[in-house]
2 protein chains.
Amino acid sequence: MNEFDLIARLTRALPANASVVAGAGDDCAVLDGGRPGHYLLLKTDAVVDGIHFTAEAAPEQIGHKALGRCLSDIAAMAGRPLAAVVTIALPADFKVERVEGIYAGINRLAERHGVAIVGGETTTNPERLLLSIAVLGEVARDKCILRSGAREGDALFVSGELGGSMAGRHLDFEPRLAEGQWLAAHFPIHAMIDLSDGLAGDLPHILQRSNVGAELLARAIPISRAAKVRARSAAGAKPPLLAALSDGEDFELLFAAPGGQAVALLDGWKKQFPDVRLSCIGRIIKGCGVKLRDKTGLHSLETHGYVHFA
Amino acid sequence: MNEFDLIARLTRALPANASVVAGAGDDCAVLDGGRPGHYLLLKTDAVVDGIHFTAEAAPEQIGHKALGRCLSDIAAMAGRPLAAVVTIALPADFKVERVEGIYAGINRLAERHGVAIVGGETTTNPERLLLSIAVLGEVARDKCILRSGAREGDALFVSGELGGSMAGRHLDFEPRLAEGQWLAAHFPIHAMIDLSDGLAGDLPHILQRSNVGAELLARAIPISRAAKVRARSAAGAKPPLLAALSDGEDFELLFAAPGGQAVALLDGWKKQFPDVRLSCIGRIIKGCGVKLRDKTGLHSLETHGYVHFA
């Protein structure tokens, strides 16, 4: 049973109440906290030594990644993060300096995005470090973007460049909070997700929730330099396109917007975020599943994203 | 360096923003989410296999305890829990049935208290199970009870009975949510905390935040049957009063209210919660620290609560 099967089984019948606008199954939970015109967002995520980072990672990077993963999910709802709480589970031989370094990484990223760190829990996990962070955010009701609104005729966009994240970017990515908020403020974005499991792994989440399919243009997919370098230099490494589709931990935004707005959106983005690439990588079609168009024709995409455990 | 020293060091300079009413250092963080007349509450807590429960614990009990600890903190602010997110970190040899049992325990407690479970994260922690839960709650602004408001002349009260929790209660306690809300609705409660580290460990948190001291009456402290049984039957076990002061994981409410209201409060509680004992155990005095009055006189209390790691 893989992670997705287990989660599907566990989330079949979760307790709900009148505050729940969207529960498990989107980037964040969406809650009606009673403030007119606004929703609350709630998200938790964890990083574990040996799974999400190795001993070589600087403590600041570990803290950055742990908070950044949650902020990336807030970004995918076009939300604004308010506050975070941090659970840090420490191995028996922990060094105070390392814990302080982790907090320094959390705090620096939090400060940059105006997030308050409002408490947490320190406990023991004898064999390895584990960090679990929960973030509370907010979003205007009419700007909140779910995974479920993609429609036939939408164009598909992705920020940044994909693949090869393990070479370093997975530890120092910047959550696309400003980008997500700007998109929702200026364009009718129909669906959005952040890429944690790879384009081939995460696009299907939008498609299933929206009851549509997608056609990707192979040559339009932005491939990171790291993925290209690795393909050239490492024996047995994935070809660059496959890396871009399936490596995971890109923490970029993937979104669908009306095809007729594509030019205006690409132009507006370039002015607003000149240092962040935006690519139109395909379109939403009838049906289901992902098709990839390359110079040899149209193929059903069988590549799956990164599955955290099998 | 123990847990409290480490936390003190980590929380010296946490990022804040305009939404923070009370950050780290109370039972929950208190946030202004923009809803007139209301505050949001945010809390995270974790339980770890071998630290907070053993292999003998039923999976339902593990889930119950993980969520119950957070709900107990919401109770201590007189708050109402809205929603929770769950991070479950699974060992390599996890059984799906056990994970489902843990979720069953979480869900049953959540349903009883109207809490929505709105998502979470499933990850790997190869050697042992770890559960980290974050709860979002709410409270009316004029009913939110911090640790910091105790005043000279207040009476000190504790719900339930203390000590001996390890015999079983630490796995099946009921968070005192109804009690906390009722207290705030009917009496001017000055300060409140939930007892996780024992009366002797947690009372000082109220005292330090409120800049006052306390005098406890030894014979008024409600000692659990489990603590008494253990004192009689286990060689080297703590005397019952010491167990009640220091065992920890009672998850009862400790609060301070004007001495003049003590009789009305005890009477009202008895009518409202006939099955839950309420004891007036002492009073708030000038100065600092905890003094214990027994038949031999007045003693400075040196007993510390349970410290999670040393």
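If you're wondering where the values come from, they're calculated on a predicted model, not measured in any experiment.

**Considering the pattern of salt bridges**
Part 1 of the reasoning: Summed over all chains, the structure comprises 40 salt bridges over all chains.
Part 2 of the reasoning: Among the salt bridges present, the one from Lys-238 of chain A reaches Asp-247 of chain A, with a minimum N-O distance of 2.9 Å.
Part 3 of the reasoning: Overall, Lys-238 of chain A belongs to the partly exposed group, its relative accessible area being 33%.
Part 4 of the reasoning: Counted as one network, the salt bridges with shared partners bring together Asp-45, Lys-65, Arg-69 and Glu-249 of chain A together with Glu-121 of chain B.

**Considerations on the sheet that holds strand β3 (residues 38–48) of chain A**
All names here are of chain A.
Part 1 of the reasoning: Spatially, the six strands line up as an open sheet ordered β1-β2-β3-β6-β4-β5, and their pairing is mixed. The open sheet is flanked by β1 (20–22) and β5 (116–124), the only strands paired with a single partner. The average undirected angle you get between the axes of adjacent strands in this sheet is 25°.
Part 2 of the reasoning: Direction of pairing for strand β4 (residues 80–90) relative to β5: parallel, over a ladder of seven bridges.

**Digging into the domain arrangement of chain A**
All names here are of chain A.
Part 1 of the reasoning: Parsing chain A into structural domains produces domain 1 (3–143) and domain 2 (154–300).
Part 2 of the reasoning: On the side of domain 2, 21 residues touch domain 1, which itself brings 26 residues to the contact.
Part 3 of the reasoning: When domain 1 packs against domain 2, close to 1,900 Å² is buried across both sides, 56% of that on carbon and sulfur atoms.
Part 4 of the reasoning: The largest per-residue losses of area from domain 1 upon contact with domain 2 belong to Lys-65, Ser-72 and Ala-75, which jointly make up 23% of the total buried on that side.
Part 5 of the reasoning: Along the contact surface separating domain 1 from domain 2 lie three salt bridges.
Part 6 of the reasoning: If you list the elements that add at least two residues to the side of domain 1 that touches domain 2, you get α2 (59–76), β4 and α3 (96–112).
Part 7 of the reasoning: Residue composition of the side of domain 1 that touches domain 2, by class: eleven nonpolar, eight polar and seven charged.

**Points about the packing of aromatic side chains**
Residue and element names in this part refer to chain A.
Part 1 of the reasoning: On inspection of all chains with the given rule, the structure shows twelve aromatic pairs over all chains.
Part 2 of the reasoning: Measuring from centroid to centroid gives 4.1 Å for Phe-173 and Phe-251, while their planes differ by 20°, and the two rings are stacked. Of this pair, Phe-173 sits in the loop between α4 (169–172) and α5 (177–186) while Phe-251 is found in the loop between α8 (240–246) and β10 (253–258), placing the two residues 78 residues apart along the sequence.
Part 3 of the reasoning: On the basis of relative accessibility, which here comes to 0%, the residue Phe-173 falls in the buried class.

**Some remarks on the packing of α3 of chain A against helix α1 (residues 3–10) of chain B**
Part 1 of the reasoning: Direction vectors running N to C along α3 of chain A and α1 of chain B enclose 40°, while the axes themselves pass 10 Å from each other. When you trace α3 of chain A past α1 of chain B, the crossing you get is right-handed. Listed contacts from α1 of chain B to Val-96, Glu-97, Val-99, Glu-100 and Tyr-103 of chain A of α3 of chain A are Leu-6, Arg-9 and Leu-10 of chain B.
Part 2 of the reasoning: In terms of residue class, the contact of α3 of chain A with α1 of chain B is made up of five nonpolar, no polar and three charged.

**Notes on the relation of the copies chain A and chain B**
Part 1 of the reasoning: If you rotate chain A by 180° and push it 0.0 Å along the axis, it lands on chain B with an RMSD of 0.0 Å. The superposition operator between the copies reduces to a two-fold rotation axis. Residue Arg-35 of chain A, judged by its C-alpha, is the member of chain A lying nearest the rotation axis, at 2.2 Å.
Part 2 of the reasoning: Looking at chain A, 99% of its interface residues are interface residues in chain B too, so the copies touch through the same face.

**Overview of the interface of chain A and chain B**
Often, the extent of an interface is quoted as the loss of accessible area on bringing the components together.
Part 1 of the reasoning: In this complex, chain A contributes 68 residues to the contact, which on the side of chain B involves 67 residues.
Part 2 of the reasoning: Counting the surface lost from both chain A and chain B, the interface buries some 5,500 Å², and carbon and sulfur atoms represent 66% of this.
Part 3 of the reasoning: The three residues of chain A that bury the most area against chain B are Leu-10, Pro-15 and Val-118 of chain A, which together make up 11% of that side's buried surface.
Part 4 of the reasoning: Taken together, the links from chain A to chain B amount to six salt bridges.
Part 5 of the reasoning: Its salt-bridge partner being Glu-121 of chain B, residue Arg-69 of chain A comes within 3.8 Å of it at the nearest N-O pair.
Part 6 of the reasoning: Our count for the contact surface shared by chain A and chain B stands at 18 residue pairs in polar contact (both at pLDDT 80 or more).
Part 7 of the reasoning: At the level of secondary structure, the elements contributing two or more residues to the side of chain A that touches chain B comprise α1 (3–10), β2 (29–31), β3, β4, α3, β5 and β6 (130–140) of chain A.

**Regarding helix α9 (residues 262–272) of chain A**
Residue and element names in this part refer to chain A.
Part 1 of the reasoning: Along α9, the residues that are buried comprise Ala-262, Leu-265, Gly-268 and Trp-269. For α9, the angular spread of buried residues about the axis comes to 135°, placing them on one side. With respect to the buried face of α9, the exposed residues turned more than 90 degrees away are Val-263, Lys-270 and Lys-271.
Part 2 of the reasoning: Next to the buried residues of α9 lie β7 (154–159), α5, β10 and β11 (278–285).

**As for the confidence of the model for chain A**
Low pLDDT marks regions whose predicted coordinates should not be analysed in detail.
All names here are of chain A.
Part 1 of the reasoning: Put simply, chain A has an average pLDDT of 94, and 97% of its residues get 70 or more.
Part 2 of the reasoning: Low pLDDT, under 50, characterises residues 306–310; the predicted model gives this stretch 19 contacts beyond four residues in sequence or across chains.
Part 3 of the reasoning: In the model output, the complex is listed with pTM 0.95 alongside ipTM 0.94.

**Structural notes on unusual backbone geometry**
Residues and elements named next belong to chain B.
Part 1 of the reasoning: Even without being a glycine, Ala-78 presents a positive backbone phi close to 65°.
Part 2 of the reasoning: Structurally, Ala-78 is set in the loop between α2 (59–76) and β4 (80–90).
Part 3 of the reasoning: Take Ala-78: its relative accessible area is 7%, and that puts it in the buried class.

**A few points about the environment of Asp-202 of chain A**
Part 1 of the reasoning: By the secondary structure assignment, Asp-202 of chain A is in helix α6 (residues 199–210).
Part 2 of the reasoning: Sequence separation between Asp-202 of chain A and Ser-246 of chain A is 44 residues, and the spatial gap between their C-alpha atoms is 9.4 Å.

**Let's talk about the sheet that holds β11 of chain A**
All names here are of chain A.
Part 1 of the reasoning: An order of β8-β10-β7-β11-β9-β12-β13 is seen for the seven strands of this open sheet, with the pairing classed as mixed. In this open sheet, the two edge strands, each paired with only one partner strand, are β8 (191–194) and β13 (297–300). Each neighbouring strand pair of the sheet contributes to a mean axis angle of 25°, computed without reference to strand direction.
Part 2 of the reasoning: Sheet analysis places β8 next to β10, joined by four bridges and oriented antiparallel. Pairing of Ala-191 across the sheet is with Ala-256, part of β10.
Part 3 of the reasoning: Here α5 sits on the sheet in contact with β8 and β10, set at roughly 10° to β10.
Part 4 of the reasoning: Set on the sheet, α6 makes contact with β7, β8, β9 (213–217), β10, β11 and β12 (289–294); between it and β8 the angle comes to about 150°.

Criteria and cut-off values
- Residues numbered from 1 in each chain as written.
- Chains lettered and ligands numbered in written order.
- Predicted model: local features only at pLDDT ≥ 70, side-chain atom pairs only at ≥ 80, totals over all residues.
- Heavy atoms only, no water.
- Salt bridge = Lys/Arg side-chain N within 4 Å of Asp/Glu carboxyl O.
- Buried < 20%, exposed > 50% of the residue type's maximum accessible area, 1.4 Å probe, protein only.
- Pairing = 2+ DSSP bridges.
- Helix = DSSP H or I, 4+ residues; strand = E, 2+ residues; numbered from the N terminus.
- Axes fitted to C-alpha atoms, helices over the stretch in contact; angles between N-to-C directions.
- Domains from an automatic or database assignment.
- Contact = heavy atoms within 4.5 Å.
- Buried area = accessible area lost by both parts, 1.4 Å probe.
- Nonpolar A, V, L, I, M, F, W, Y, C, P; charged D, E, K, R; others polar.
- Phe/Tyr/Trp six-rings, centres within 6.5 Å; stacked < 30°, edge-to-face > 60°.
- Left-handed = near helix turned anticlockwise from the far one by under 90°.
- Least-squares fit on C-alpha atoms with pLDDT ≥ 70 in both.
- Polar contact = N/O pair within 3.5 Å; in protein donor to acceptor, adjacent residues only side chain to side chain.
- Arc of directions from axis to C-beta.
- pLDDT = per-residue confidence, 0-100.

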